[in-house]
Amino acid sequence: MLVHGVVWDSPSPALRLHTPAGEFTDIALAQGSSLGLRVTPGLWCLGHVKVHGPGDRTHVPCPKSSPAERGKQCGPCFARDDSRLMHDFHRGGSVPPGLRSYLMQPHWLYVATFANGTTKVGTASARRKWNRLAEQGAVHASYVAHAEDGRVVRILEDLVTRELGLVQQVRSAAKVASLVEPRTGVELQAINRQQAARVREFLAGLSMTGYDVARDEWERPALAARLCNARPSGAVRHPYPAAFDGGGHGLRIHSMSGAIALAGLPDADGVEVEGTFVADLGALKGRQIELGRHVTEIPALQDSLF
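Fair warning: this is a prediction, and the values are worked out from it, not measured in the lab.

Examining the overall build of the protein chain
The secondary structure content of the protein chain amounts to 7 helices and 15 strands. The C-alpha radius of gyration of the protein chain comes to 20 Å, within 12% of the 19 Å expected for a compact globule of 306 residues. By principal-axis analysis of the C-alpha atoms, the protein chain measures approximately 65 × 50 × 25 Å. Summarising the internal contacts of the protein chain: among those between residues at least 6 apart in sequence, 67% fall at separations of at least 24. A total accessible area of about 14,500 Å² is found for the protein chain, and carbon and sulfur atoms account for 49% of it. Across the protein chain, the centroid of the 34 positively charged side chains sits 4 Å from that of the 30 negatively charged ones.

Structure below.
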């Protein structure tokens, strides 16, 4: 089965898989759930997407099941993917009618803060206002503007980056590292509110139309609390000790933030080894896996972990 990533289409996340029969199936990543899998070496094309409207899109599997060449796609699928065109729409780029319909729906501008204090600006369609931030793995976030369409919101996003210096992307590796030793919730909330206030003040002074300044705060999923909070005194938390590029892996989910899990590692008898581990399940995207009763092999030299 081909992994399409971690999705938050409900209050709980799931690992989305594309089966050999051509169907999608979701594996729930609830608290206490077990995830056992074996990864086939290699990275494979996820196909492409045709957008027909705000809530209507079609996934087209890669016709040749080709290795990935550009991100998580082969060259031909990348060229056919509608979603790649949306980032230049506000600069006058041409888009198909279905994607135009999607982009012309209302959008939100948000400011999101991650576990090390890094803060970014981003956008979310009205339909995915909450889900987008859940999938990003934000610790705290605020909505700072409601725009009438995706063109306006992306112009605002670029202006905030240019004038206030907020980035538009935070790398997964940085998110994972920050969750091993997250800053306190009080600090992160203060950082987010301060940055959101700066952005709102800036937006209020623009002569543009097509948006309203917003003052809502995002509600983080309950399942993320344990991972996002600073670890209790005496608790042991480590980076996951293996790469998701091959071999067997077995995890028991304790908490999830975006695609990142705080997990226990059970042995062959189901008993968890000491400590918890921060694992980026997003690294499984584009991998072929086989589900089953597998365990993670922990390096023999455990001093590097403990």
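Having seen the structure, we can now continue with the description.
Observations regarding unusual backbone geometry
In most cases, non-glycine residues show a negative phi, while peptide bonds are predominantly trans. A positive phi angle is found at Ser-65, which is not glycine, with a value near 50°. Within the secondary structure layout, Ser-65 lies in the loop between β6 (56-60) and α1 (75-80). Residue classification places Ser-65 among the exposed positions, given a relative accessible area of 52%.

Quick look at the sheet that holds strand β7 (residues 107-113)
Taken in spatial order, the 4 strands make up an open sheet running β8-β7-β9-β10, and their pairing is antiparallel. The open sheet is flanked by β8 (119-125) and β10 (211-217), the only strands paired with a single partner. Looking at each pair of strands side by side, their axes are set apart by 25° on average, direction ignored. This element, helix α4 (residues 150-164), spans β7, β8, β9 (140-147) and β10 of the sheet and lies at about 30° to β7. Set on the sheet, helix α6 (residues 185-204) makes contact with β7, β8, β9 and β10; between it and β9 the angle comes to about 15°.

Cut-offs applied
- Residues numbered from 1 in each chain as written.
- Predicted model: local features only at pLDDT ≥ 70, side-chain atom pairs only at ≥ 80, totals over all residues.
- Heavy atoms only, no water.
- Helix = DSSP H or I, 4+ residues; strand = E, 2+ residues; numbered from the N terminus.
- Rg over C-alpha atoms; globule rule 2.2 N^0.38 Å.
- Contact = heavy atoms within 4.5 Å.
- Areas by Shrake-Rupley, 256 points an atom, 1.4 Å probe, with all protein chains shown as cover.
- Lys, Arg positive; Asp, Glu negative; His and termini not counted.
- Charge placed at Lys NZ, Arg CZ, Asp CG, Glu CD.
- Buried < 20%, exposed > 50% of the residue type's maximum accessible area, 1.4 Å probe, protein only.
- Pairing = 2+ DSSP bridges.
- Axes fitted to C-alpha atoms, helices over the stretch in contact; angles between N-to-C directions.

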